[in-house]
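Residue-level structure breakdown
Now for the letters of each chain:
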Amino acid sequence: MLPQEIIRIKRDGGTLAADQIAEFIGGVTRNSVTEGQVAAFCMAVLWRGMSMPERVALTKAMATSGRTMEWRSLNLPGPVLDKHSTGGVGDKTSLVLAPLVAACGGFVPMIAGRGLGHTGGTIDKLDSIAGYNTQADHATFSKVVKTVGCAIIGQTPDLAPADKRIYSIRDTTSTVESIDLITASILSKKIAAGLDCLVMDVKFGNGAFMQDYDKAKALAESIASVATGAGVKTTALLTDMNQVLGRTAGNALEVVECIEWLKGAKPEARMAEVTYALAADLLVLGGLAKDRAEGVAKCEAAIASGAAAEKFAQMVAGLGGPADILESYERHLPKARVRFEVQPAQPGVIAGMDVRAIGVAIVELGGGRAAPGDKIDHAVGLTDFAQIGETIGTGRPLAVVHAQDEATAKAMAAKLLASVSLSADYKITPILREQVAAA
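As the structure is a prediction and not an experimental result, all values here were calculated from the model. (Residues numbered from 1 in each chain as written. Predicted model: local features only at pLDDT ≥ 70, side-chain atom pairs only at ≥ 80, totals over all residues. Heavy atoms only, no water.)

**Concerning the nonpolar core**
The following threshold applies: Residues enter a nonpolar core if they are buried and are Ala, Val, Leu, Ile, Met, Phe, Trp, Tyr or Cys, with the set joined through side-chain atoms within 4.5 Å. Each residue is assigned to one of three classes by its accessible area relative to the maximum for its type, calculated with a 1.4 Å probe on protein chains only: buried under 20%, partly exposed between the two thresholds, exposed over 50%. By definition, residues are in contact when any of their heavy atoms lie within 4.5 Å.
By size, the foremost hydrophobic cluster in this structure holds 120 residues, and its most contacted members are Leu398 and Leu416. Each residue touching Leu416, except ones within four places of it in the same chain, is listed here: Val342, Ile358, Leu382, Phe385, Leu398, Ala399 and Val401.

**Quick word on helix H2 (residues 18-30)**
Stated precisely, the cut-off is as follows: Helix and strand definitions follow DSSP, with helices as H or I runs of at least four residues and strands as E runs of at least two, each counted in order from the N terminus. Multiplying 1.5 Å by the residue count of a helix minus one yields the expected span of that helix.
In this model, H2 (13 residues) spans 18 Å end to end at C-alpha, consistent with the 18 Å of a helix rising 1.5 Å per residue. Turning to H2, its buried residues number three or more, namely Gln20, Ile21, Phe24, Ile25, Gly26, Gly27 and Val28. Contacts from the buried residues of H2 go to helix H1 (3-11), helix H3 (35-48), helix H4 (52-63) and helix H8 (161-171). Just downstream of H2, Asn31 is the residue with a positive phi angle, here 70°.

**Looking at the environment of Met50**
Along the chain, the position of Met50 falls in the loop between H3 and H4. Remark: the alpha-carbon pair of Met50 and Val349, spanning 299 residues in sequence, is separated by 44 Å. With residues up to four places along the chain from it excluded, the contact list for Met50 reads Lys10, Ile21, Phe41, Val45, Arg55, Leu58 and Asp180.

**Details of the sheet that holds strand S12 (residues 432-437)**
Two strands in a sheet stick together by hydrogen bonds in their backbones, pointing the same way (parallel) or opposite ways (antiparallel). The cut-off we apply is this: Think of it this way: DSSP has to see at least two bridges between two strands before they count as a pair. Helix axes are fitted only over the stretch in contact, all axes being lines through C-alpha atoms; the angle between N-to-C directions runs from 0 to 180 degrees.
The strand order across the open sheet built from four strands is S1-S4-S5-S12, with neighbouring strands paired in mixed fashion. Each edge of the sheet is formed by a strand with only one pairing partner; in this case those strands are strand S1 (81-85) and S12. Strand-to-strand twist across the sheet, computed as the mean angle between neighbouring axes with direction ignored, equals 20°. Its contacts with the sheet place helix H9 (residues 179-192) against S1 and strand S4 (197-204), and it is angled at close to 165° to S1.

**Thoughts on the packing of H9 against helix H10 (residues 213-229)**
Applicable threshold: With respect to orientation, any angle under 35 degrees is reported as roughly parallel, any angle over 145 as roughly antiparallel, any angle of 65 to 115 as roughly perpendicular, and every other angle as oblique. Two helices cross in a left-handed way if the nearer one is turned anticlockwise from the farther one by less than a right angle. They cross in a right-handed way if the turn is clockwise. Residue type decides the class: Asp, Glu, Lys and Arg count as charged, Ala, Val, Leu, Ile, Met, Phe, Trp, Tyr, Cys and Pro as nonpolar, and the leftover types, Gly among them, as polar.
Running from N to C, H9 and H10 point in directions that differ by 40°, and their axes come no closer than 10 Å. Between H9 and H10, the crossing angle belongs to the class labelled oblique. Relative to H10, the crossing made by H9 is right-handed. Listed contacts from H10 to Ile179, Ile182, Thr183, Ile186 and Leu187 of H9 are Lys215, Ala218, Leu219, Ser222, Ile223, Val226 and Ala227. Taken together, the residues of the contact of H9 with H10 break down into nine nonpolar, two polar and one charged.

**Remarks on the sheet that holds strand S6 (residues 338-342)**
Pairing within the open sheet is antiparallel, and its three strands lie in the order S6-S10-S8. Only two strands of the sheet have a single neighbouring strand rather than two, namely S6 and strand S8 (381-383). Sheet twist, expressed as the average angle between the axes of neighbouring strands with direction ignored, equals 30°. As judged from the five bridges shared by S6 and strand S10 (residues 399-403), these two strands associate in the antiparallel manner. When the bridges of S10 are listed, Val342 appears paired with Ala399.

**Describing the pattern of salt bridges**
Spelled out, the test is: Salt bridge, as applied in this entry: a Lys or Arg side-chain nitrogen positioned within 4 Å of an Asp or Glu carboxyl oxygen.
The final tally for this structure, using the stated rule, is 21 salt bridges. A salt bridge links Asp180 to Arg55; its shortest N-O distance comes to 2.7 Å. On the criterion of sequence distance, the pair formed by Asp180 in helix H9 and Arg55 in helix H4 is long-range, its members being 125 residues apart. Between Lys203 and Asp201 there is a salt bridge, with its nearest N and O atoms 2.9 Å apart. No difference in accessibility class separates Lys203 from Asp201, as the two residues are buried. If you follow the salt bridges from partner to partner, you end up with Glu5, Arg8, Arg11 and Asp12 in one network.

**Side note on the packing of helix H12 (residues 269-285) against helix H13 (residues 292-305)**
Interaxial distance between H12 and H13 falls to 8 Å at its minimum, and their mutual angle equals 115°. With respect to the hand of their crossing, H12 and H13 are arranged in right-handed fashion. Where H12 approaches H13, its residues Tyr276, Ala277, Ala279, Ala280, Asp281, Leu283 and Val284 are matched on the opposing element by Arg292, Gly295, Val296, Lys298, Cys299, Glu300 and Ile303. By residue class, the composition of the contact of H12 with H13 is nine nonpolar, one polar and four charged.

**Topic: unusual backbone geometry**
A positive phi is found at Asn31, a non-glycine position, where the angle reads about 70°. Looking at the element boundaries, Asn31 is found in the loop between H2 and H3. We classify Asn31 as exposed; its relative accessible area is 55%. Here the phi dihedral of Ser174 falls at roughly 55°; this positive angle occurs in a residue that is not glycine. Checked against the element boundaries, Ser174 lands in the loop between H8 and H9. By relative accessible area, which is 56% here, Ser174 ends up exposed.

**So, the side chain of Thr183**
Mapping Thr183 onto the fold places it in helix H9. Setting aside anything within four residues of it in sequence, one finds Thr183 in contact with Thr59, Leu219, Ser222, Ile223 and Val226.

**Quick notes on the environment of Arg11**
Within the secondary structure layout, Arg11 lies in helix H1. Spatially, the C-alpha atom of Arg11 lies 30 Å from that of Arg356, the residues being 345 residues apart in sequence. Aside from chain neighbours lying at most four places away, what touches Arg11 is Ala44 and Arg48.

Interpretation in functional terms is not warranted from these geometric data alone.
Set out below in structure tokens:
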């Protein structure tokens, strides 16, 4: 069937058969389906939606569009585990979670993504480390997973190649929010990676793609059901993204925050809570902890002993990065020329923030992409970001902007101040809302 006929069926609200979906995705992989046709298909899916059988068929077609990985032949002495997030501003949990889980006996072959829309991407963060190869080949990836316990790379050309092409087009055609496309995109990579268990961090709130809680829950249920049905034990956590996560936002700056936490610095409370919960739930799914409480205790012990930090260092070195990343990280990460404190005209307590606007401002600063081929400035971003309930303007800035020139820094400061509200009347919402399992 012609690609345009498949698009027409979905555009008009019809249901696609599994072989029609497989045919279209095959054309995406072979490049016989044009970029415009991919965009039209994604928009039709966004507007019309897909049934659960269609979602399963789309996910399987994308997962098998290239190489599928297996780990049994390596005789790993632990379960193969992974975590994925729907994205947020300052969301750097993967950088700590992967070595944490490895230090607790799991094996984490994490295939992560780049920034999408207003949110940062794990691969862009790791690309800021001098020498780190986020595009490592299959042999290197497998070797690091086996010897270290964790490895984080981007999609290789032969792993779910259909998803890689569709993903880049979704980012610039306003089709990111589709539950059907998000489910298939995430799970195609995870199923192709040969996982035993998966934990999803599905975010809601004004900084999330799925801002509405009910829609975020529907996505969590979709992912848990499709993945579990495909043989990957999966649960999802619904987590709040009405605040910047952690104290930093921007690629190299987020890496620094994670390294300092791994080395023993006190983490921002919400970032620690969600990271430990996700890691602990993975340990439970993989049979490495009896419940979340025991899982969290194991994670805290892995930080305190330095075991998680050592796993991070081994991963970085194994993927081409510097062997002394823990001791000399400032030497191996880029720095912006200008640091500018953002001070309000009058002091006040932060009562709320427009997290999406903050993410967009970071993209405009150079820390993200407005178009797929844009080059990122890994050095720019924010540090010392204040949280809801904290007072700013009495010696405490809202944040510190890291930019390449003063004019850009001042412009960024104005955008940040416009993105927060100050009031003594505020409410801090919990970051962990609900756990969702397969229906």
